[in-house]
Structures are given as structure tokens and as C-alpha cells.
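Listed below are the residues making up each chain.
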Amino acid sequence: MNKKPDSAGLDNAGAGTRAVWGGEQVRHPYNATQAPIVLSAAYGYDDIDVWYDVAMGIAPGFIYSRMSNPTVETLEAKIGELEKAESAVAFSSGMAAISSVLYTFLAQGDRVVSTKDSYGGTNKIFEEFLPRTGVEVTLCETFDHEAIEREIARGCQVVYLETPTNPTLKILDIQRLVAAAKRVGALVVADNTFATPLNQNPLALGVDVVIHSATKFLSGHGDVLGGLVCGSEALMAKVRHYREINGATLDPLSAYMIIRGMKTLVLRMRQQQHSARALAEFLCTEPLVASVNYPGLADHPNHAVACAQMGGFGAIVSFVLVGGMDSVKLLLPRLRFAHCAGNLGAVETIYGPARTTSHVENTLEERQALGISEGLVRVSVGIEDTDDLLDDLKQAFAFVRGLRDDKSQQPAFSEGVN
Ligand SMILES: *Cc1c(COP(=O)(O)O)cnc(C)c1O
């Protein structure tokens with residue numbers, strides 16, 4: 001693959017241009033305009049000396065697809081452009097990326113500081129897997145920046161941040177916590193899945209390693225799993241070595257699907273977060289909603305920090321329904337333009353309670369300890385027309401309110417009906 005002769009680089013290009021052209025200002029084999037899906041497990045060499053040089057990393061080329069693959073490298077270059085990172089490493093899922101980063105940089109006797117609100121799978125690594133390798137894990141209250149700073153100041157090797165959080169959309173002040181981490185020489189890792197590179201570039205705020213579940217907004221169509229890690233070449237060399245040996249490599253077909261999805265990231269996100277705001281504002285007026293979480297709302301507790309560090313507020317809204325799980329069971333099946341499912345970030349709108357989505361790995365007691373109520377519903381707003389999504393939600397609420405009114409008149413109506 002040769003660079004196009006007139007390739008001007010993307011240094012001054014906007015996010016939409018980077019998403020389309022990142023990693024693809026090249027002439028592909030056969031003059032193909034689209035990245036080839038190279039399914040080959042290995043790459044053949046007639047000249048043993050050239051083979052040796054490639055294997056040693058002295059000459060460019062490929063040896064074996066667990067180590068590197070042309071399609072996967074195109075994807076890595078694309079996310080590198082979007083996060084303005086020196087280097088990137090792709091994994092078979094977001095969790096493969098997260099666990100590989102944590103195991104790359106933490107060893108027995110080390111300490112990691114993070115928050116109670118993190119993706120359910122990440123929380124399980126902190127609670128179940130890291131402690132048994134002799135890593136001390138401290139999880140702080142997500143809203144309490146002083147407590148997080150205090151724990152960081154006690155000394156740690158890694159500070160792990162996720163902002164906005166899933167599913168309660170709390171916001172961490174990245175620059176403030178990076179400053180605390182730098183004082184003790186800790187590496188800062190941030191899960192940027194919810195914000196996407198369009199809305200937030202943590203590397204520019206001082207973070208060392210950025211992680212994405214590409215399964216979500218980056219691929220955007222709910223049909224592929226993948227994880228991406230970005231940072232300096234020195235740090236990514238370590239992460240790439242871990243992947244090479246532990247083997248959670250992304251397959252080339254999935255890499256291609258993520259590449260294709262990423263080209264429309266900016267268009268999709270603009271529409272999705274426009275509708276997300278409209279839905280959040282409507283939910284604030286609905287009597288059956290006890291509370292609404294969206295960082296773009298002026299009364300969000302960290303709205304000012306969100307305004308300072310984010311270019312947009314994202315396409316996820318969550319809310320707590322009056323009546324808890326009973327109301328959830330009535331409302332969700334009434335929605336016409338929505339999947340009730342466990343993923344997010346797709347072109348379709350997706351609703352799901354925390355119990356069966358972000359925190360399916362956790363017990364009821366664990367969810368309660370994390371402040372996740374049984375009536376909490378997460379909405380991943382899709383690219384449908386805003387008015388259709390609003391009308392859909394309104395008719396579903398009208399139905400549930402009707403049932404509740406009936407029930408107050410007819411005591412025989414069972415709470416369990418759905
Ligand atoms: C989904 C998700 C993950 C895990 O990604 P997978 O691709 O499902 O393994 C990690 N972090 C966040 C914030 C997520 O939403």
C-alpha cells in the first residue's frame with residue numbers, strides 16, 4: 001500500500017474528514033478504493049533474509065495475523081487519526097482491550113485507583129480478577145473528586161477513568177484527576193466509549209491511554225464486536241506485545257466492518273445527540289420519570305465540567321421510572337421504534353434497564369451498592385427522526401399512565417401484569 005502522491009495529511013482536517021480518510025490516504029492493491037479484507041493467517045517470503053528483517057521489525061511487512069494484519073492496521077491508523085494518537089492497537093472486544101491494558105500495566109504489588117461507576121465488566125475485573133493477581137484496587141465514589149485525589153495521592157501505578165459513566169452519565173473532571181495522577185507518576189487510562197472521539201479527546205487532556213469499545217458508536221450498526229486502544233508509540237508497543245502473546249486479536253472482517261462504520265461516525269453522532277437532548281428535555285417533563293441523567297442538561301451536577309471538556313454531550317440518556325421494574329416492564333414493550341437490547345451506539349434506538357444491560361454481570365446487592373436503581377432505563381438514541389422518537393416515547397408513557405389510572409380505580413388489577 002503506497003501513500004497517494006498528492007496526500008496532504010490530515011493534520012488540519014476536521015473530525016468528519018479524519019473519520020473518512022484516516023488510515024486510507026493510500027493506494028490499495030488493485031487500485032481498490034476500499035481497504036482490502038486480508039484474511040491470510042500468515043505472509044510468505046522467498047528471501048529468508050527479508051523474512052528475518054520483517055520478523056525483527058527492521059523492515060516493514062507482515063508475518064502472522066495474531067501479531068499484525070493489513071486490515072487491522074488500517075483501522076488502527078483511523079482511530080489514531082480521530083484520537084490524534086501516535087499509535088493504536090485493536091482487540092477482539094472492548095473488554096479484551098480493557099483487560100489487556102490493565103494486565104499490561106499492572107502487576108503483583110501494584111495499586112489501581114478508579115471509581116465505583118464503571119462499565120459492569122470493568123467493575124468485575126476490579127472486584128474479581130485483579131485482586132487475585134495481587135493488585136490492590138480502590139474504587140471511589142464517582143462524584144467525590146476530593147476522595148479520588150486523596151486515594152491517588154496515597155500512591156498508585158494506574159488511575160482508571162470512565163466518563164461519561166455507564167449508565168448514570170456522571171462526569172469526571174479529566175484534567176483535575178490527570179494532575180493528581182502525574183503528581184505520583186501514575187499512568188492514566190480513560191474509557192472514551194460514551195463520548196466518542198468526536199466529543200472528547202482524552203489524550204489532549206493529559207490522559208496516557210484511551211480505550212474504546214468499537215462495538216458501540218464507532219462501528220455504529222450493532223453488528224460487530226471490537227476494542228481499540230490509543231496512546232504513545234512507547235506505551236502501545238507494550239500493549240501490542242501483550243496482545244501478540246495473549247491473543248485477543250481482532251479478526252480482519254470485523255476490522256473492515258468497524259472501518260466502514262467509522263466513516264459515518266460524525267454524521268450519525270450529530271443526529272443522535274440532537275435527538276438525545278430532545279428526549280432528555282421531554283423526560284424532564286414526564287410525571288412518571290423520577291430523574292433524568294444527561295450531561296447536556298443545565299441541572300446535571302457536572303454540567304460545567306462537561307461543557308469544558310466535551311464538544312457535545314453524546315447520545316445516551318438514562319432515567320429512573322416511578323414504579324421501578326414494574327413500570328419498566330410496561331413501558332419498554334410499548335415502544336415501536338426501539339430495540340430492547342443490551343448494546344448501545346447503533347443506528348437504531350435501543351432501550352434497556354441496567355439490570356439486563358450495563359450491569360447484567362452484577363448481583364442486585366452489587367447494583368444497590370453502586371446506586372443503580374431497578375427502575376433505571378438507559379436509552380441509546382438512534383438516527384431515526386427526532387419527532388418520531390419523541391412521539392413514540394409519549395405514546396408509551398400515555399399507555400403506562402392509563403394502566404396506572406385504571407388500577408387506582410380497580411383494586412383487582414395486579415401489579416404483575418405486563
Ligand atoms: C460496551 C462497553 C464496554 C465493553 O465493550 P465490549 O465490546 O462489549 O466488550 C466497555 N466500556 C463501555 C463504556 C461500554 O459501553
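Procedures and definitions
Residues numbered from 1 in each chain as written. Predicted model: local features only at pLDDT ≥ 70, side-chain atom pairs only at ≥ 80, totals over all residues. Heavy atoms only, no water. Pairing = 2+ DSSP bridges. Helix = DSSP H or I, 4+ residues; strand = E, 2+ residues; numbered from the N terminus. Axes fitted to C-alpha atoms, helices over the stretch in contact; angles between N-to-C directions. Contact = heavy atoms within 4.5 Å. Left-handed = near helix turned anticlockwise from the far one by under 90°. Nonpolar A, V, L, I, M, F, W, Y, C, P; charged D, E, K, R; others polar. Salt bridge = Lys/Arg side-chain N within 4 Å of Asp/Glu carboxyl O. Buried < 20%, exposed > 50% of the residue type's maximum accessible area, 1.4 Å probe, protein only. Domains from an automatic or database assignment. Near = heavy atom within 4 Å. Polar contact = N/O pair within 3.5 Å; in protein donor to acceptor, adjacent residues only side chain to side chain. Areas by Shrake-Rupley, 256 points an atom, 1.4 Å probe, with all protein chains shown as cover.

## Examining the sheet that holds strand β6 (residues 158-162)
Moving on, step 1. Reading across from one edge, β3-β9-β8-β7-β6-β4-β5 is the order of the seven strands in this open sheet, with mixed pairing throughout. The open sheet has two free edges, formed respectively by β3 (87-91) and β5 (136-140), since each of these has just one partner strand. The average angle at which neighbouring strand axes cross in this sheet is 20°, direction not considered.
Moving on, step 2. The pairing of β3 with strand β9 (residues 227-231) spans five bridges and is antiparallel. Pairing of V89 across the sheet is with V229, part of β9.
Moving on, step 3. The sheet strands contacting helix α5 (residues 120-129) are β4 (111-115), β5 and β6, and the helix crosses β5 at an angle near 130°.

## Topic: the sheet that holds strand β12 (residues 339-340)
Two pairing modes exist for strands in a sheet, parallel and antiparallel, and in both the strands are linked by backbone hydrogen bonds.
Moving on, step 1. Read across the sheet, five strands follow the order β10-β11-β14-β13-β12 without closing on themselves; strand pairing throughout is mixed. With one partner strand each, in any of the chains shown, β10 (289-293) and β12 form the two edges of the open sheet.
Moving on, step 2. Bridge analysis of strand β11 (residues 316-321) against strand β14 (residues 376-380) gives five bridges, and the strand direction is antiparallel. Paired with S318 across the strands is R378, a residue of β14.

## Quick word on the packing of helix α4 (residues 94-105) against α5
Moving on, step 1. Two elements in contact, α4 and α5, have axes whose closest approach is 10 Å; the angle formed by their N-to-C orientations is 35°. Regarding α4 and α5, the two cross each other, and that crossing is right-handed. Facing α4, whose interface residues are M95, I98, S99, L102 and Y103, α5 presents G121, T122, I125, F126 and F129.
Moving on, step 2. Split into classes, the residues belonging to the contact of α4 with α5 amount to seven nonpolar, three polar and no charged.

## Regarding the pattern of salt bridges
Moving on, step 1. Applying the stated criterion across every chain, the model contains 17 salt bridges.
Moving on, step 2. Put simply, E24 and K78 hold a salt bridge, and the shortest N to O gap is 2.9 Å. Taken together, the positions of E24 in the loop between α1 (15-21) and β2 (26-27) and K78 in helix α3 (residues 70-82) put the pair 54 residues apart, joining distant regions of the chain.
Moving on, step 3. Judged by relative accessible area, K78 falls into the buried class, the value being 0%.
Moving on, step 4. Note that D117 and K170 form a salt bridge whose closest N and O atoms lie 3.0 Å from each other. With D117 in the loop between β4 and α5 and K170 in the loop between β6 and α7 (174-183), this residue pair connects regions lying 53 residues apart in the sequence. Accessibility assignment for this pair places D117 and K170 in one class, buried.
Moving on, step 5. Sharing partners across several salt bridges, the network here consists of R111, E136, E151 and R154.

## A closer look at the domain arrangement of the chain
Moving on, step 1. Domains assigned within the chain are domain 1 (13-262) and domain 2 (266-404).
Moving on, step 2. Computed from C-alpha atoms alone, the centre-to-centre distance between domain 1 and domain 2 is 27 Å.
Moving on, step 3. With 37 residues of domain 1 at the interface, the matching set in domain 2 holds 38 residues.
Moving on, step 4. There are zero salt bridges connecting domain 1 and domain 2.

## A short note on the site of the ligand
Moving on, step 1. The immediate surroundings of the ligand are formed by 14 residues, with G94, M95, D191, T215 and K216 found nearest.
Moving on, step 2. Within the backbone of G94, an N or O atom sits 2.8 Å from an oxygen atom of the ligand.
Moving on, step 3. Protein contacts shield 93% of the accessible area of the ligand, which totals 380 Å² for the unbound molecule.
Moving on, step 4. With three residues, α4 is the single largest residue contributor to the shell around the ligand.
Moving on, step 5. Classifying every residue of the shell around the ligand gives four nonpolar, seven polar and three charged.

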